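Descriptive analysis of the structure
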Amino acid sequence: MRADLVARVERTCSRRQDAKGLRLAVLEHLRDEFAFDGYVWLLTDPQTSVGTSPLAAIPGLPWHRLPALITARYLATANRWTALTSSPRQVGRLSAATESELAGSQLWRTELAKLGVVDIASVVFADKHGYWGWLDLWRSNGRRAFDDADLELLAQIRSAVTHALRGCQARCFGDRVDGARAGPSVLVLAPDLSVRGQTAEAGRQLYRLNPPDPGPDGAPPDVPAIPAAAYNVAAQLVARERGVDARPSRARVHIAGLGWLTLQADRMTGPAPVDERDIAVTIEPSGFADRREVFGRVHGLTRREVEVLESVLRGADTHAIARELSVSEHTVNDHVKAILAKTGCPNRHGLVARVAGDLPADARVDEGILGRGDAPGRCAV
């Protein structure tokens, strides 16, 4: 039965679909095999591992407790997704990490115990190119803890899901921005991450990123979107301050029609102690360097291919690239062919247009590399 499940997950991962549809389909396959009561599945920035696009079902959680839960998850050291990447299988369970003494976990003591959680099975979707997401499956009162066989199943599907998630992100390049920004995008959070206020543009972008579920009969929701992506970068800031994880409190995320955006969190200045100051989260169009870095990761480029890509984007020709990298022109051409094959771009001009394709049509990038570029296809996610 479990071998059949792995095959079904692999078939699902081979289909062209968006990241949300992929995650929902995989969750249904997992539910067919073993029970769980809740889940949290985030896409992540491939470099910082900070969560961006959450998909979650947490029974019994009051929404006003969500910021505290996210903060506690980022502060947790037992079974943290960044730690699991160093394990051979990149999976783990809270019961094993605490030697069945869940009270030894601050996350469980402060948040999970209130929800009746008896165990969490976790899997990280990461490869040599970066972090693409992590999944927590929850079991609550009345169920047994997860066992090694459950973790083995997660480990068996990890590679296929990782590749599929990376592919979803790769298909985001080439999307054009639908319209201009209506103003600055800033969200101000209290020290406990409750929302103090936000600009209209920040609300619009966060709504597009994580829209609330429709009402009955498909009616438009009458509640604001929960700014989970902002909570995640802010929680990473707190984790940095506490010495839990040194990665930056920033994340790049793609929103269809809005393009690639970069979220960053920082403390406000003032006389109060640092941990008592408000947190500002900014949302800005990702710079060309950010898009270039993500582009190389999502398409699985090698280190040398990234170097060649950077030279191509600067406008260097084959002869100049060969001289810069101390290789033959034949070798440069081989690398360029490999890059075009991996990215699906027809030529160098199309490659430049794809990297910066989510800009308005009249935008210029860096030192004027791209003016009015080709019009790449729409983003699939």
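First things first, this report covers the structure right here in the doc. (Residues numbered from 1 in each chain as written. Predicted model: local features only at pLDDT ≥ 70, side-chain atom pairs only at ≥ 80, totals over all residues. Heavy atoms only, no water.)

1. Some details on the overall build of the chain
A tally of regular secondary structure across the chain gives 14 helices and 10 strands. Along the first, second and third principal axes, the C-alpha atoms of the chain reach 65 × 55 × 45 Å. Here the chain holds 381 residues, and the buried ones make up 52% of them. The contacts of the chain with a sequence gap of at least 6 include a subset with a gap of at least 24, amounting to 63%. (Helix = DSSP H or I, 4+ residues; strand = E, 2+ residues; numbered from the N terminus. Buried < 20%, exposed > 50% of the residue type's maximum accessible area, 1.4 Å probe, protein only. Contact = heavy atoms within 4.5 Å.)

2. Brief notes about the side chain of D119
Positionally, D119 belongs in strand 4 (residues 117-127). Side-chain polar atoms of D119 contact the backbone nitrogen of L94, separated by 3.4 Å. A polar contact is formed between the side chain of D119 and the backbone nitrogen of F146, at a distance of 2.9 Å. Every residue in contact with D119, bar those within four places of it in the chain, is listed here: R93, L94, S95, L137, W138, R139, A145 and F146. (Polar contact = N/O pair within 3.5 Å; in protein donor to acceptor, adjacent residues only side chain to side chain.)

3. Observations regarding the packing of aromatic side chains
Inspection of the entire model under this criterion finds eight aromatic pairs. Here the aromatic rings of F36 and Y39 are separated by 6.5 Å at their centres, their planes lie at 85 degrees, and the arrangement is edge-to-face. The buried category is assigned to Y39, whose relative accessible area is 10%. By way of ring pairs, the aromatic residues F34, F36, Y39 and F146 are connected into one cluster. Positioned above the aromatic ring of W81 is the side chain of R80, whose terminal nitrogen or guanidinium carbon lies 4.4 Å from the ring centre. (Phe/Tyr/Trp six-rings, centres within 6.5 Å; stacked < 30°, edge-to-face > 60°. Lys NZ or Arg CZ within 6 Å of the ring centre and 35° of its normal.)

4. Re the sheet that holds strand 7 (residues 195-198)
Spatially, five strands are ordered 7-6-10-9-8 in an open sheet, and the strand pairing comes out antiparallel. The open sheet terminates on both sides in strands that have one partner only, identified here as strand 7 and strand 8 (250-255). Neighbouring strand axes in the sheet, compared pairwise and without regard to direction, differ in orientation by 20 degrees on average. Both strand 6 (residues 186-189) and strand 10 (residues 279-285) contribute to a ladder of four bridges, which runs antiparallel. Along strand 10, the bridge assignment pairs L189 with I279. Across the sheet, helix 9 (residues 228-241) touches strand 6, strand 7, strand 8, strand 9 (259-267) and strand 10, and the angle it forms with strand 9 is around 40 degrees. (Pairing = 2+ DSSP bridges. Axes fitted to C-alpha atoms, helices over the stretch in contact; angles between N-to-C directions.)

5. A short note on the side chain of H129
Tracing the backbone through its elements, the reader meets H129 in the loop between strand 4 and strand 5 (130-140). Setting aside anything within four residues of it in sequence, one finds H129 in contact with R166, R297, G300 and L301.

6. What about the environment of T110?
Considering the arrangement of structural elements, one finds T110 in helix 6 (residues 106-112). Separated by 179 residues in sequence, T110 and A289 have C-alpha atoms that sit 40 Å apart. Beyond its immediate stretch of four places on either side in the chain, T110 contacts R65 and A72.

7. Topic: the pairing of strand 2 (residues 51-57)
Within strand 2, five of the seven residues are buried, leaving the element largely enclosed by the surrounding structure. Examined bridge by bridge, strand 1 (residues 38-44) and strand 2 share five bridges and lie antiparallel to one another. Bridge pairing in strand 2 places V40 opposite A56. Here strand 1 hands over to strand 2 after six residues, with S49 in that stretch at a positive phi of 70 degrees.

8. Focus: the pattern of salt bridges
A side chain with one charge may pair with a side chain of the opposite charge, provided their charged atoms come close. In the structure shown here, the tally under the stated rule is 26 salt bridges. Sharing partners across several salt bridges, the network here consists of D45, R250, R252, D290, E293 and R297. (Salt bridge = Lys/Arg side-chain N within 4 Å of Asp/Glu carboxyl O.)

9. Considerations on the packing of helix 11 (residues 303-313) against helix 12 (residues 318-325)
It is at 10 Å that the axes of helix 11 and helix 12 come closest, and there the two elements cross at 135 degrees. By the angle class used here, helix 11 and helix 12 are oblique. Every pair of crossing elements has a handedness; the one defined by helix 11 and helix 12 is right-handed. Residue-level contacts link R304, E307, V308, S311 and V312 of helix 11 to I321, E324 and L325 of helix 12. (Parallel < 35°, antiparallel > 145°, perpendicular 65-115°, else oblique. Left-handed = near helix turned anticlockwise from the far one by under 90°.)

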